[in-house]
Amino acid sequence: MELRTFHHHLLQGFMLLSFISNCCARFVVEKNSLTVTSPEKIKGTHDSAIGNFGIPQYGGSMAGVVVYPKENQKACKSFGDFGISFKSKPGSLPTFVLVDRGDCFFALKVWNVQQAGASAVLVADDIEEALITMDNPEEDSSSAKYIENITIPSALIEKTFGETLKKAISGGDMVNVNLDWREAVPHPDDRVEYELWTNSNDECGVKCDMLMAFVKDFKGAAQILEKGGYTQFTPHYITWYCPQAFTLSRQCKSQCINRGRYCAPDPEQDFSSGYEGKDVVIENLRQLCVFKVANETNRPWVWWDYVTDFQIRCPMKEKKYNKECADVVIKSLGLDAKKIEKCMGDPDADMENPVLKEEQDAQVGKGSRGDVTILPTLVVNNRQYRGAVLKAICAGFEETTEPAVCLSGDVETNECLENNGGCWQDKAANLTACRDTFRGRVCECPLVDGVQFKGDGYSHCEPGGPGRCKINNGGCWHESQNGSAYSACLDNGDVKCQCPPGFKGDGVKSCEDIDECKEKRACQCPECSCKNTWGSYECTCNGDLLYIRDHDTCISKSGTEVRSAWAAMSVILIGLAMAGGGAYLVYKYRLRSYMDSEIRAIMAQYMPLDSQGEVPNHVSNDRA
């Protein structure tokens with residue numbers, strides 16, 4: 001069967017599910033109030049439909065002046081091309097731009113108006129009909145660039161009301177309106193019940209990235225509200241079923257569990273590589289069971305910790321989106337893994353899974369809530385909403401019953417106080433990787449006294465670089481006994497932990513004393529007597545023998561003394577001999593010099609030397 005044919009029939013199955021849903025419920029349009037405050041002749045309050053993009057100001061209101069552009073009235077092109085700007089001057093009311101429906105996506109109209117500097121958009125319907133929700137276009141590379149960046153609110157108004165506004169503006173009237181979202185959320189009592197329809201898939205592009213970012217950012221506020229008893233939160237996950245005729249096909253087997261009953265699209269839209277849709281269904285099921293088990297122990301807020309930690313530690317891109325990684329996260333949060341496994345059941349069984357069956361039933365709208373078809377979807381007090389979640393929840397409280405978190409801009413709690421936030425810690429050294437932030441806790445290895453710890457922050461952190469041995473002995477073994485202390489930490493080189501001499505072990509968890517005597521590593525001479533000590537040994541010799549540790553041998557103490565005396569005497573004799581020899585040489589030199597002088601004097605009297613003149617003869621010459 002061709003993949004195209006399969007998708008066609010699968011779509012038919014999804015349409016059948018939608019038909020079944022619509023027979024019992026209807027899609028509910030989210031509305032807010034729009035009041036014209038001037039001119040007097042058109043004053044009044046009208047309904048408008050909230051757009052399914054941008055950020056509705058749930059619980060708030062906004063006043064502004066309505067303008068209707070003379071060019072680009074459908075806002076399908078950039079207003080910059082026409083030299084038009086709607087940016088309000090300092091001190092003036094915000095600008096609400098009225099545009100016509102048609103020719104392009106609602107979201108593109110709002111984006112173009114936002115880029116021109118307006119504060120809100122009113123879209124006038126082009127036919128007479130009941131209000132509808134302005135939805136996102138099908139995501140593609142071009143629309144994804146602006147959908148996630150739309151920040152201004154938008155509303156669809158009825159055609160007749162739109163014509164009334166246009167007529168007043170063309171007649172020169174200043175049209176002031178007030179958009180009010182305060183009544184958009186039902187607020188019957190002092191506790192808000194809300195649901196978040198989400199997904200564990202992190203490889204579906206911009207939508208998944210936005211969903212993951214929302215869960216991470218909103219976690220802190222959600223946990224405060226839940227711990228304080230202000231809210232009752234329930235997570236939900238959308239699943240589909242595979243048409244009966246294709247439950248045994250390769251595509252259904254890769255996307256579904258329980259014989260095609262619960263399916264999810266292939267994360268990468270590629271059946272031949274990467275993760276499969278059934279991997280997503282199984283993780284969604286696990287996250288539902290995490291919530292159920294945490295809720296049984298009156299800690300439903302732990303679900304937020306699990307989904308954010310799983311997102312960080314087990315991403316698809318790193319090939320960690322699996323049970324092994326999930327189990328590590330579950331353990332770090334102190335959850336009962338066996339109860340979670342029991343809750344999940346057997347994904348290969350040809351039978352209904354009660355947890356996922358309940359989810360499929362919940363997708364069908366009931367009462368004032370429409371069917372859930374879009375991710376993410378927030379349901380507050382049984383009404384669907386999207387956009388500013390905290391404002392939507394806070395708008396759901398009865399007036400004067402709002403918790404403090406709704407009345408201030410601060411959402412702060414120290415999540416590291418409970419179970420150390422599921423992060424790494426060293427209780428003995430009073431060190432932790434848990435760091436509390438405005439958005440919730442993060443698990444990051446700490447920096448202590450200039451030494452940076454390295455690791456994943458959840459299950460492992462160890463000091464690195466120079467000075468590491470000063471911090472908890474660098475995570476290596478260390479112990480003290482009887483006044484002696486040893487450490488296996490090395491402050492340089494590739495080896496970080498190594499048992500010191502006299503010990504053996506891994507250097508991290510343990511170092512055991514080596515019994516040099518038993519293992520015959522020392523004190524092995526015949527006259528030696530060995531005694532093992534912690535980290536070393538003691539060796540003594542019999543009788544008057546002395547132990548020489550460097551040579552592991554015993555020598556006689558008396559022999560040593562005699563040898564020492566003879567050595568000293570030898571040094572003295574050698575010294576005397578050298579002194580005597582020196583004196584003799586000096587004496588001999590002086591004696592020889594003296595004799596040479598005398599001889600030369602005597603010789604000079606009898607014969608002239610080569611170096612002096614003839615000596616006159618003073619002896620008389622008598623003749624007869």
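On a predicted model such as this, the values are computed, not experimentally measured, just so you know.

### What to know about empty space enclosed by the protein
Moving on, step 1. Counted under the stated rule, the structure contains two cavities of 30 Å³ or more.
Moving on, step 2. Of the volumes computed, that of the largest cavity is approximately 150 Å³.
Moving on, step 3. As for the largest cavity, its lining consists of 14 residues, and the residues nearest its centre are V302, D305, E415, E418 and G421.
Moving on, step 4. For the lining of the largest cavity, the elements supplying multiple residues, two or more each, are α5 (206-227) and α8 (302-313).
Moving on, step 5. Looking at side-chain class alone, the lining of the largest cavity contains three nonpolar, five polar and six charged residues.
Moving on, step 6. Counting only domains with at least three residues in the lining of the largest cavity, you end up with domain 2 (192-398) and domain 3 (415-464).

### Focus: the UniProt feature "domain: EGF-like" (unreviewed entry) in the protein
Moving on, step 1. This chain's UniProt record puts "domain: EGF-like" (unreviewed entry) on residues 497-511.
Moving on, step 2. The distance from the first to the last C-alpha atom of residues 497-511 is 10 Å, and the span holds 0% helix and 13% strand.

### Observations regarding the state of the cysteines
Moving on, step 1. Across all of its chains, the model carries 15 disulfides by this definition.
Moving on, step 2. The residue that forms a disulfide with C314 is C325, at a sulfur-sulfur distance of 1.9 Å. When the S-S torsion is -85°, as for the bridge of C314 with C325, the disulfide is left-handed. One end of the pair, C314, is in the loop between α8 and α9 (323-332); the other, C325, is in helix α9, with 11 residues separating them in the sequence.
Moving on, step 3. Using a relative accessible area of 13% as the deciding quantity, one classes C325 as buried.
Moving on, step 4. In this model, C416 is linked to C434 through a disulfide, with the two sulfur atoms separated by 2.0 Å. Its torsion about the S-S bond being -85°, the disulfide of C416 and C434 is classed as left-handed. Note that C416 is positioned in the loop between α13 (404-407) and β14 (425-426) and C434 in strand β16 (residues 434-437), a separation of 18 residues in sequence.

### Quick notes on the packing of helix α7 (residues 277-296) against helix α10 (residues 337-344)
Moving on, step 1. Interaxial distance between α7 and α10 falls to 9 Å at its minimum, and their mutual angle equals 125°. Classified by the angle between their axes, α7 and α10 sit oblique to one another. In this structure, the crossing between α7 and α10 has a hand that is right-handed. Taken together, the residues of α10 that come into contact with α7 (itself represented by I282, L285, R286, C289, V290, K292, V293 and E296) are K339, I340, C343 and M344.
Moving on, step 2. Within the contact of α7 with α10, the residues separate by chemical class into eight nonpolar, no polar and four charged.

### Looking at unusual backbone geometry
Glycine aside, residues mostly have negative phi, and peptide bonds are mostly found in the trans state.
Moving on, step 1. The residue after S38, namely P39, is reached through a cis peptide bond having omega 5°.
Moving on, step 2. Tracing the sequence through the fold places P39 in the loop between β1 (31-38) and β2 (44-50).
Moving on, step 3. Phi at N298 takes a positive value of approximately 60°, unusual for a residue other than glycine.
Moving on, step 4. N298 gets classed as exposed once you look at its relative accessible area, which sits at 59%.
Moving on, step 5. In this structure, C523 takes a positive phi of about 55° despite not being glycine.

### Quick notes on the sheet that holds strand β18 (residues 447-448)
Moving on, step 1. In spatial order, the strands read β18-β19-β20; together these three strands make up an open sheet with antiparallel pairing. Every other strand in the sheet has two partners, leaving β18 and β20 (461-463) as the edge strands with one partner each.

### Some points on α10
Since one α-helical turn is 3.6 residues long, residues separated by three or four positions face the same way.
Moving on, step 1. One side-chain oxygen at the N-terminal end of α10 lies 3.1 Å from the backbone nitrogen of K338; it belongs to D336.
Moving on, step 2. Where α10 ends, the next residue or the one after it, G345, has phi of about 75°, a positive value.

### A closer look at the packing of aromatic side chains
Moving on, step 1. Under the counting rule described, the total for this entry stands at 15 aromatic pairs.
Moving on, step 2. An angle of 75° between the planes, with centres 5.0 Å apart, marks the rings of F79 and F86 as edge-to-face.
Moving on, step 3. In this structure F86 comes out as buried when scored by relative accessible area, which is 7%.
Moving on, step 4. Consider the rings of Y306 and F310, whose centres lie 5.8 Å apart with planes at 25°: the pair is stacked. Taken together, the residues Y306 and F310, both in helix α8 and four residues apart, mark about one turn of the helix.
Moving on, step 5. Judged by its relative accessible area of 4%, F310 falls in the buried class.
Moving on, step 6. Connected via pairs of aromatic rings, a cluster forms that spans Y194, F218, F233, F291, W303 and W304.
Moving on, step 7. Over the face of the ring belonging to Y537 we find R549, whose NZ or CZ atom lies 4.0 Å from the ring centre.

### Section: the side chain of T308
Moving on, step 1. Inspection of the secondary structure puts T308 in helix α8.
Moving on, step 2. There is a polar contact of 2.7 Å between the side chain of T308 and the backbone oxygen of W304.

### Some points on the packing of α7 against α8
Moving on, step 1. Direction vectors running N to C along α7 and α8 enclose 150°, while the axes themselves pass 8 Å from each other. Classified by the angle their axes make, α7 and α8 are roughly antiparallel. The crossing of α7 and α8 is right-handed. For the pair α7 and α8, the contacting residues are E283, R286, Q287, V290, F291 and A294 in the first and V302, W303, Y306, V307 and F310 in the second.
Moving on, step 2. For the contact of α7 with α8, a count of residues per class yields eight nonpolar, one polar and two charged.

### Quick look at the pairing of strand β12 (residues 377-380)
Moving on, step 1. Burial along β12 is two-sided: the residues T377 and V379 and L378 and V380 are all buried.
Moving on, step 2. As paired elements, strand β8 (residues 192-198) and β12 share four bridges and run antiparallel to each other. Along β12, the bridge assignment pairs L196 with L378.

### Points about the side chain of S254
Moving on, step 1. Locating S254 in the fold gives a position in helix α6 (residues 250-255).
Moving on, step 2. If sequence neighbours within four positions are ignored, S254 has contacts with F271, E276, G277 and K278.

### What about the nonpolar core?
Moving on, step 1. Judged by nonpolar contacts, the single largest core of 47 residues is most densely connected at Y194, W303, W304, Y306, L335 and I340.
Moving on, step 2. For this core, the leading source of residues is α7, giving nine residues.
Moving on, step 3. Beyond its immediate stretch of four places on either side in the chain, Y306 contacts E283, R286, Q287, V290, A326, V329, I330 and L333.
Moving on, step 4. Of all hydrophobic cores here, the second largest spans 23 residues; its members include A75, A118, L131 and I152.

### Section: the pattern of salt bridges
Moving on, step 1. What the rule picks out here adds up to 19 salt bridges.
Moving on, step 2. One salt bridge in this structure joins K278 and E276, with 4.0 Å as the shortest N-O distance.
Moving on, step 3. Since its relative accessible area comes to 29%, K278 is described here as partly exposed.
Moving on, step 4. A relative accessible area of 25% places E276 in the partly exposed class.
Moving on, step 5. Here K320 and E318 are joined by a salt bridge, their closest N and O atoms 3.4 Å apart.
Moving on, step 6. For E318, a relative accessible area of 48% corresponds to the partly exposed category.

Calculation criteria
- Residues numbered from 1 in each chain as written.
- Predicted model: local features only at pLDDT ≥ 70, side-chain atom pairs only at ≥ 80, totals over all residues.
- Heavy atoms only, no water.
- 1 Å grid on protein atoms, 1.4 Å probe; cavity = no way out; pocket = protein on both sides within 12 Å on 5 of 7 lines; lining within 4 Å.
- Points joined across faces, edges and corners; volume = space filled by probe spheres on them.
- Helix = DSSP H or I, 4+ residues; strand = E, 2+ residues; numbered from the N terminus.
- Nonpolar A, V, L, I, M, F, W, Y, C, P; charged D, E, K, R; others polar.
- Domains from an automatic or database assignment.
- UniProt positions renumbered as here; feature names shortened; annotations may be inferred.
- Disulfide = S-S within 2.5 Å.
- Buried < 20%, exposed > 50% of the residue type's maximum accessible area, 1.4 Å probe, protein only.
- Axes fitted to C-alpha atoms, helices over the stretch in contact; angles between N-to-C directions.
- Parallel < 35°, antiparallel > 145°, perpendicular 65-115°, else oblique.
- Left-handed = near helix turned anticlockwise from the far one by under 90°.
- Contact = heavy atoms within 4.5 Å.
- Pairing = 2+ DSSP bridges.
- Polar contact = N/O pair within 3.5 Å; in protein donor to acceptor, adjacent residues only side chain to side chain.
- Phe/Tyr/Trp six-rings, centres within 6.5 Å; stacked < 30°, edge-to-face > 60°.
- Lys NZ or Arg CZ within 6 Å of the ring centre and 35° of its normal.
- Core = buried A, V, L, I, M, F, W, Y, C linked by side-chain atoms within 4.5 Å.
- Salt bridge = Lys/Arg side-chain N within 4 Å of Asp/Glu carboxyl O.

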